Each structure stands twice: as C-alpha cells, then as structure tokens.
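Summary of the model geometry
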Protein chains: 2
Amino acid sequence: MSYEDLDPLFHPRSIALVGITTTNPEHWTRTFLDSLLEFKFKGQIYLVNPKGGEIKGLKVYPSLKDIPGTVDYVIGLVPAPLAPQLVKESATKGAKAIHFCTAGFSETGEEERINLEKELTRLAQEEGIRIIGPNCMGLYCPKSNFSFAPDFPKESGTVGYISQSGGNSIALVKQAKWRGVRFSKVISYGNACDLNESDFLEYLTDDPETKIIAVYIEGVKDGKRFRQVLERAAKEKPVVLLKGGITEGGTRAVAGHTGALAGSEVIWDSLCRQLGVIRVYSLGEIIDVLVTLLFLPHLKGGNVALVGLGGGASVLITDECERRGLKVPPLPQELKERIQRLIPEAGNIFRNPVDYSQTAMEAEKLARVIEVLSQWEEIDFLIGFLRPGQAPGIRRTQFPQIMEALLEASKAASKPIAIIIEPDISPGGAEGTVSFIQKFVSAGLPVYHSFASAANAISLSLRYNKLRR
Amino acid sequence: MSYEDLDPLFHPRSIALVGITTTNPEHWTRTFLDSLLEFKFKGQIYLVNPKGGEIKGLKVYPSLKDIPGTVDYVIGLVPAPLAPQLVKESATKGAKAIHFCTAGFSETGEEERINLEKELTRLAQEEGIRIIGPNCMGLYCPKSNFSFAPDFPKESGTVGYISQSGGNSIALVKQAKWRGVRFSKVISYGNACDLNESDFLEYLTDDPETKIIAVYIEGVKDGKRFRQVLERAAKEKPVVLLKGGITEGGTRAVAGHTGALAGSEVIWDSLCRQLGVIRVYSLGEIIDVLVTLLFLPHLKGGNVALVGLGGGASVLITDECERRGLKVPPLPQELKERIQRLIPEAGNIFRNPVDYSQTAMEAEKLARVIEVLSQWEEIDFLIGFLRPGQAPGIRRTQFPQIMEALLEASKAASKPIAIIIEPDISPGGAEGTVSFIQKFVSAGLPVYHSFASAANAISLSLRYNKLRR
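Residues numbered from 1 in each chain as written. Chains lettered and ligands numbered in written order. Predicted model: local features only at pLDDT ≥ 70, side-chain atom pairs only at ≥ 80, totals over all residues.

**Considering the overall build of chain A**
Definition in use: Helix and strand assignments come from DSSP, with helices taken as H or I runs of at least 4 residues and strands as E runs of at least 2, each series counted from the N terminus. Three exposure classes are used, based on other C-beta atoms lying within 10 Å of a residue's own C-beta, which is placed from the backbone: buried for 20 or more, exposed for 12 or fewer, and partly exposed in between. The contact rule is simple: place each C-beta atom from the backbone, and if two of them lie within 7 Å, those residues are in contact.
Each helix and strand counted, chain A has 16 helices and 19 strands in total. For chain A, the spread of C-alpha atoms along the three principal axes comes to 80 × 50 × 40 Å. Within the span of chain A, comprising 469 residues, buried residues form 58% of the whole. A fraction of 73% describes how many contacts in chain A between residues 6 or more apart in sequence connect residues 24 or more apart.

Structure (structure tokens):
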C-alpha cells in the first residue's frame, strides 16, 4: 500500500457515523460526532441509525444507502455481527475506508468471533475497501479537522503516533498536549484485520508532515515485513517505541485486548538496539522522549549545569543524571567567583548544581547566573529545577513568583535549557503548579515532572543523537 | 547516648528562637515561630534578637540571658560566627540541646568554617549540651506540638524519619501527608557535628512510637558504628533507605551540601542487601514503600488480580507488575463465568486484568465483581486502577462518579486492595483528581500515582516480608 493510497484516508471529504446512538448523549458512540463538531470538520457529516430522527440539527439516515451521493469514509459503530453487511454497503457508497470502532472480534478468543473478523478481511479485499480496526479509535488528523476525541489539540504538529490501543492513544495525546507536543497524525488501529502496523508505519515514514514517530504496539502481523519497515523508518526519522505485552501476563492481556501475538523481551530488545529505535517502557516515557526530541533537538553531549532550589534536591538530581550517563562536572573556580559577585553566598551553594535558594525570587540576578553558566565551555546544556511548596523556609504563596523568576531568567540561557518542575500533588496545590507549568511550555521549553524522568529521556535522546552522527 | 538521654529533646518545655528576624515576616527564620504557633506548642516560646520589641504579641528578648528562668531547647538562627557564643549562653540557661539551623560551616569547604564547626563540637562537649546540626531544620514531633513547618500534619503516626537534608525532610513529609503517612518523629540533622545519624537511628530503633524507619542519608561519620546501629534497626523494624550522593557528581554535591563523605554504590548496595534494608532511589519511592508497609502490611505473596479501566492500560499495568516479580495469573473459567453473570461482556474484558470500562459508573455491580475476585484462592491481593480523563468515550465530567464507584466497590474486597490513580497533570483537571485521591486515602487505602511505582513498591515490600519470615 503506497503513501498515495493511504493519504486520502486522512483527508476524507465526507464521513458517515453508522450506528450512532440517537437517544443517549453520554454514549461512547457520540464521541465521534462531538469530536467532528468540536473540530469544525469541513466535509459532510452523515449520521446513520435505523431509528432515524435528528441529532444536534443533523438528520439521522435510517441506512447508509439512504444518504444522497457518495461517502468517503465510514465509522462503524454497529454491533459486531452487523459489521460484514456494513462493509458491503460502504463499498456500494464509494467509501475508500471503513473504521470499525466496534469490539467483539478476534480479541474475544471465541472461534465464531475470530471467523467474523476473517470474514471482514475477506469482504474488504473483495469489495476493494480498506478496514481500520476493528476495536479501535481510528484516525486523528488535525489538519483535516478530523479527530476521535473532542479535547485533542486543534493545531497540527510533527509527531506521528501509531497506537494499537485506543486508550493508550488518548492517554498519550492528552498528556503530551500539556507538554507542548503536537501531532501530524495519530492512528489507533486495534485488531488490524486489514491495514496494520506496518502499513501505518510505512505511511508515517513517507509522510512529509511527520518528523518523529511514536509507536505503541501489542503484536505484529508479519514479523519479516515489520522489521523491514521499522528499519527504514528508524533510518529516516527518530522512532520511539513502547511494546505492550512483554511479560507472560502481559502477553495474555494483549491476547484479550487486540488479539495480537506478543513476542518476547529478547526479540524486541535486540530489534530496537540493532535498528536504533528508542525503546521505552511507559506512555510517560514516550512523552518525555518526544519533549526532548522536539525541544532539545541538537544536544551533542551530556555535560549539564544544574541550577535550582535546595541542597538535598541538588544531590538527588545529580545522582539521577550521572546514574544515567549524563555528567555534572565541577564548577570551575573562575565561574564560581563570577557567580559570587552576582548573588550572595549565604544560604546558596556555588558548585554544580548551583543552589540559588536565597535568590529564588530575583529574576534579574538569576538571569545573570544563567548567563554565566551558559558561557561555561565544558557544558552542553542546562537544567533548571524546582520542587514547588517543598523548600525550607519558602512559603507556598511565594512559589508563583519563584516560578516566574525562573521562567524569566531561563530566557538568558544561550545554551539549551530544560526545566524540571515536580507537580505538587496536593489539594489546593496541584492546580497552581500545573497551571504555571503551562507558562514554561508556552515559552517553548522542555518541561519534565521528575528528576529521574528528565535524566532518563535526555540520556536516551542523546544516545540516539550520537548513533545518528 | 541512650534513648533516655535523647528522648527529652523531643519534648522540650521551653524553646528559645535566637536570631529570629524582627522586621521581615517572610524571612526564613520566621518559619520556626509560625510552626510552633500553628501547632499550638504547649510550652514556653521565647524570642531573642538584640533589637528587642515584639512579634505576634510575644516579647523579643535582647539576649538569651535576659530570659527569666531556664530554657530547655534553643533554636539557633544567628549568623555562623556567633554560634560558639550561643552554645555557651545556652548551656548557662540550662538548655539540654541547641539546634543550629544556621549554615556556613564545614559544608562551605573553607578551612576557617570547618574549624568553626569543630569549635562548636568541642564547646558542646565542654558545656555538656548537645547540638543538632548545624545547617538543618531540626525536630518535628507532632505529639509535642513541635514542628519546623507550619503545614506538617498535626496528628502523630508510626513512621520515624531521619533526613540529613532539610529540604528532603520537608519534601517527603509534605508529599507523604497526602498519601496518609503520619510520623512519630522527623529529624533533619544536617552537618551532624555532634549528634549524628547513628544516634538518631538508634533512638528511633528504641522509640516505641516508631514502627517503621525511613532514612535519607548523605554521609556517615563513623562507618563501623553506623553498620552496627543499622543492623539492629533493620532487625527490629522495617528500614527504608535513600542514599544521596552515590555518583561522582552526587558525592561532590553532598560535600557542598552537608560536608559529608559519601561512599560508593557497591558499599551501600551490599550493606543494604546484607542487613535486609529496603534500598530506594528517590523520595517518591520512599513514600510508595511507606504507603505499602502501612496499608498493605501483611502481604504474603505477589499474586494479584487487577481490575480497572482500559485494555491498553491493562496490558501496561500487567507488564509493570510482572517485570518486577509480581504475578498476574489467568482468570479461572469458573470465576470468569461468575463475572459474566454480573456485568455485560460487550466492551469489557474478562481476563486478569478485568477491564470493566462499560460498567465504570455502577458501584454495586463493580462491588460484586471485586467480591468474586477476592474469593479467588490463588490471589494474594487486588489492585484497582484508573487513568482519569484518558479512557476512550469517557468524559472528564464522568470521572468523579467513576472514582466514587471504585471507592465504594473497593469496600467489598475481602483481600487487601491497592489503588492506582494517575493524577491528571492538566490545567482544570489536576485539582479534581488530586482532591478525589484524598477520598481513597481517607478510607485508609494505599494509593499510588503510577503503575510502575505501585508495582515497584509492592514488590520491594513483599521481598522484605519474605525475608523477615
């Protein structure tokens, strides 16, 4: 399947939602309509339900064939046994593809349902229509105003994401959004009875809008082809991969979820090593790596100057960095003396890390310190770190000003700078820090939520950069 | 130093804050007064500053000797060079101990300051007074209404915590508070020029109110003694230990922070293994282990039944559990059939994990499912898991009801149950989930923030339990 064949699926002129509930606005089938409306989808939206009627001013057609003219793309929300009939009808209406959100196929492990899915595949080939799914959320392409979640970002970005799981596609996009990550295309592809991981990975490799590829995968249909496709993808773009179902129990969970065959840790580990794929182990880790690739793209080395609040925090962040292969070199005497001329030494610590606790609210002075640290030749980048609400003698009410000072001062960095702000997971404290984190994100800065996650993602990205050179 | 010698330090009848600012209410020296007032300290509070005057209705004495009668405990907030004089004056007033919050001693690496600290130690011995610090936050003992942070919990608990770092003492207590952890005593002891880690560890070992010991340590004064003390502590109580300054850069950071000598990874690793100490690598991990020891105290095995929302989440949590040695066994057919009779199968997955997405808001039905899972003989405990705001087709507005349903249903568990709720780190979403997490905590449930952290802490605690039997 070539890029030219697949690309139109992301730009349909008309979409029919077949099997949408007419009665219950909270029902999951409504998500697709809500998303298209929220995104102001520019093409035709057709609703189909035998009961007919109207939803939000849109006519509900009793069946697909009652729709006047052609339909580009069908979203199948009908019960599983009705799926084969819908494939035939969709072909008749000229649809290029049908996405089945419907579950209840091979993932049930029941013979009858496995055969039902096989029947779908056979019919699709016979009728010349492509199937996405079943048992998935389908496509998100912000440029086409096409989404499966109303609260996904409306702006387009450069990350292409393939997720075998619908939940893991939603979880990742929603979290990554608050870290400044934007997507070119997201594909939730479920059981992959027709179009599969290799087709979509190949598509993203060729897609000019996609600069970075993220993959959540549970199983592979054709190992040999997947290896070839992954090899080419990893040669052309950074690929971050999370393999779900790597343990014995995880493999069983995968079978029940998308009916896929999982494969062993050893195989996936050596595959990723050989091909230069960035292997990660959680959705959070995917996001941390994406943030690093997007906002610290040209890191050449792992020598870091750390500047933040607290002596104990300084010790812990240094350990987290060096344990993962980054280096926190000692501050040269000459720079130490320059910093001593800028801010008072009492209560601060002028090493690397620089603990500036006693100057935490003075943006101007902190900016000068960051300027000095940026001029340190041995250093590749800086990290500014804060644990809001947790520093001795600093009140929670002072933290907005402290965060503001760091935000302002970070602009004085002439080398790349990353920010770590530990969210304050407390009632009355969470909203404040989380909202403030948005100011850093809006300023285009890479923001991380913990010392360990930042050190890990930066170290992974750096290893990737070195491999590529 | 015996338990009887040290215990009175935690129950002073009078406390003098020497060097408190009279002019700037935002100054860090005010924290100690604010804390004692907020905690309604029952003894006498004396304030000392040469400027005299009054703060919050309390008289400010020009010097310690102007205070009528004796003073049990002195908190030294004076500049470092004035510290020796304060030791002498405190002894004259009959004080048993002086806590120096003041920094600027051996941690600066300057000879003059190192000698100043030595002078403190010598004077303390000469005058028969004990020193806590310098360069630390001192003591927190809620039973004595004695605290160094106004927003620490007022209720007493069973965790004793020794932290060489003031910041790491505050960060841990504040975060742990929202997870239901309460403390018997917390000791921030800094440079440890007189009383040191071994003294306090011995004290907590003998303290009847302390059932679990947590330690953040940067360096050890006397390795042989520390080993002996740690060995006895670990024999009598669970000990969770975080060693700060384990890498090359971390060791340098430690030197600048508390002036301690750090020691290598190999030494600390083998020490903890040999003595059965639970070794961890971050403050968050300490809290996760404390939560497990407190709220899942009698776990005998690692066989777990998982019940939560989302197929992709089910796969990931299973991998996280099994990767750390827990087991997620397949659901027996008989139990599967019983669950099928309770809730509909469409859109749910009846394996282990049980994905109950389609029944997420029905507390009563979910309670029956949890009852059935509790009766599964092979299983040692259950985990309920939710990723608020990130499940397909479920709206953010529905999540309070979904969390409420899980909270209600968890009461039907006749085996231990842990809860994982991923905080929604998004503006407008954070406060809601964080506040709701408090309902689970208030119900006495162990709550974790990620699949990985729960699996890790439960696995560490289980290994400890097995070792102890």
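Back to the write-up after that little detour.
**Considerations on the pairing of strand β18 (residues 417-421) of chain B**
Regular strands show a simple pattern: their side chains alternate between the two faces of the sheet. All names here are of chain B. Here is the rule we go by: DSSP calls a pair of strands paired once it identifies at least 2 bridges connecting them. Throughout, right-handed denotes a crossover for which the path from the first strand over the helix to the second runs clockwise when the strands point away from the viewer.
By the criterion of burial, β18 is predominantly enclosed, with 5 of the 5 residues buried. What you see with β18 is no split at all: Ile417, Ile419 and Ile421 on one side and Ala418 and Ile420 on the other are buried throughout. Note that strand β17 (residues 381-386) and β18 share 5 bridges and pair parallel. Bridge pairing in β18 links Leu386 to Ile421. Here β18 pairs with strand β19 (residues 447-448) via 2 bridges, running parallel. Looking at β19, one finds that Ile419 is bridged to Val447. Taking the sense of rotation as the criterion, the β-α-β connection linking β18, helix α15 (residues 430-442) and β19 turns out right-handed.

**Digging into the relation of the copies chain B and chain A**
The following threshold applies: A least-squares superposition brings the copies together, and it is based on the C-alpha atoms of residues with pLDDT no lower than 70 in both.
For the pair chain B and chain A, the relating rotation is 180°, the translation along its axis is 0.0 Å, and the fit reaches an RMSD of 0.0 Å. Taken together, the rotation angle and the small translation identify this as a two-fold axis. A share of 100% of interface residues in chain B that are also interface residues in chain A marks the association as one of identical surfaces.

**So, the nonpolar core**
To keep it simple, the criterion reads: As used here, a nonpolar core is made of buried Ala, Val, Leu, Ile, Met, Phe, Trp, Tyr and Cys residues. They are joined through C-beta atoms within 7 Å.
Formed by 324 residues in total, the largest nonpolar core has its most connected members in A:Leu17, A:Leu290, B:Leu17 and B:Leu290. Setting aside its immediate chain neighbours within four residues, A:Leu17 contacts A:Phe32, A:Leu33, A:Leu47, A:Val48, A:Ile75 and A:Leu77.

**Some points on the interface of chain B and chain A**
Residue-level contacts link 64 residues of chain B with 65 residues of chain A. Elements that contribute at least two residues to the side of chain B that touches chain A include exactly α5 (166-177), α8 (248-258), α11 (311-323) and α15 of chain B.

**Comments concerning the sheet that holds strand β16 (residues 354-355) of chain A**
Residue and element names in this part refer to chain A. Judged by pairing direction, the sheet is mixed, and its 6 strands sit side by side in the order β15-β16-β14-β17-β18-β19 without closing on themselves. On the outer flanks of this sheet lie β15 (349-350) and β19 (447-448), each paired with one strand and no other. For strand β14 (residues 304-308) and β16, the ladder comprises 2 bridges, and the chain directions are parallel. Counterpart to Val307 in the pairing with β16 is Val354.

**Structural notes on the domain arrangement of chain A**
For clarity, the threshold we go by: Source of the domain bounds: an automatic or database domain assignment.
For chain A, the domain assignment lists domain 1 (3-132), domain 2 (138-294) and domain 3 (297-468). Measuring from the centre of the C-alpha atoms in domain 1 of chain A to the corresponding centre in domain 3 of chain A gives 49 Å.

**Quick notes on the sheet that holds strand β13 (residues 278-280) of chain A**
Residues and elements named next belong to chain A. To keep it simple, the criterion reads: The axes are straight lines fitted to the C-alpha atoms, using for helices just the contacting stretch, and the angles between their N-to-C directions are given from 0 to 180°.
One open sheet accounts for 6 strands, arranged β8-β10-β9-β11-β12-β13; its pairing is mixed. Across the chains shown, the open sheet's two edge strands, defined by having one partner strand only, are β8 (138-140) and β13. Between one strand axis and the next, the sheet turns by 15° as a mean value, whatever way the strands run. Bridging between strand β11 (residues 212-217) and strand β12 (residues 239-243) involves 5 bridges; their strand directions are parallel. Looking at β12, one finds that Ile217 is bridged to Lys243. Across the sheet, helix α10 (residues 283-295) is in contact with β9 (159-163), β11, β12 and β13; its angle to β12 comes to roughly 175°.

**Focus: the packing of helix α6 (residues 197-206) of chain A against helix α7 (residues 223-236) of chain A**
All names here are of chain A. Rule in force here: Roughly parallel refers to an angle under 35 degrees, roughly antiparallel to one over 145, roughly perpendicular to one between 65 and 115, and oblique to any angle outside these ranges. The crossing is said to be left-handed when, going from far helix to near helix, the turn is anticlockwise and less than a right angle, and right-handed when the turn is clockwise. Nonpolar residues are Ala, Val, Leu, Ile, Met, Phe, Trp, Tyr, Cys and Pro. Charged residues are Asp, Glu, Lys and Arg, and all others, Gly as well, are polar.
With their axes 9 Å apart at the nearest point, α6 and α7 run at an angle of 20° to one another. Classified by the angle their axes make, α6 and α7 are roughly parallel. The interaxial crossing formed by α6 with α7 has left-handed handedness. Of α7, the residues touching α6 (which contributes Glu197, Ser198, Leu201, Glu202 and Thr205) are Arg225, Phe226, Val229, Leu230, Arg232, Ala233 and Glu236. Residues that form the contact of α6 with α7 fall into these classes: 5 nonpolar, 2 polar and 5 charged.

**Concerning helix α5 (residues 166-177) of chain A**
Given 3.6 residues per turn, any residue in an α-helix points the same way as the ones three and four places further on. We apply this condition: The span expected for a helix works out to 1.5 Å for each residue beyond the first.
Between its first and last C-alpha, α5(A) extends 17 Å over 12 residues, near the 16 Å set by a 1.5 Å rise per residue. Among the 12 residues in α5(A), 11 count as buried, and that is most of the element. Every buried residue of α5(A) is accounted for by A:Gly166, A:Gly167, A:Asn168, A:Ser169, A:Ile170, A:Ala171, A:Leu172, A:Val173, A:Lys174, A:Gln175 and A:Ala176. Where α5(A) is buried, its residues contact β9, β10 (183-188), β11 and α10 of chain A together with α11 of chain B.

**Quick notes on the pairing of β14(A)**
All names here are of chain A. Along β14, 5 of the 5 residues are buried, which leaves the element largely enclosed by surrounding structure. Side chains Val304, Leu306 and Gly308 of β14 all project onto a buried face; the interleaved residues Ala305 and Val307 project onto the opposite face, where all are buried too. Note: β14 against strand β17 (residues 381-386), 5 bridges, orientation parallel. Residue pairing for β17: Ala305 is matched across the bridge by Leu382.

**Considering unusual backbone geometry**
Residues and elements named next belong to chain A. Omega for the peptide link from Gly133 to Pro134 comes to 0°, which places this bond in the cis form. Within the secondary structure layout, Pro134 lies in the loop between β7 (130-132) and β8. With omega at 5°, the peptide bond leading from Asn352 into Pro353 counts as cis. Inspection of the secondary structure puts Pro353 in the loop between β15 and β16. Phi at Asn135 is positive, roughly 70°, even though this residue is not glycine.

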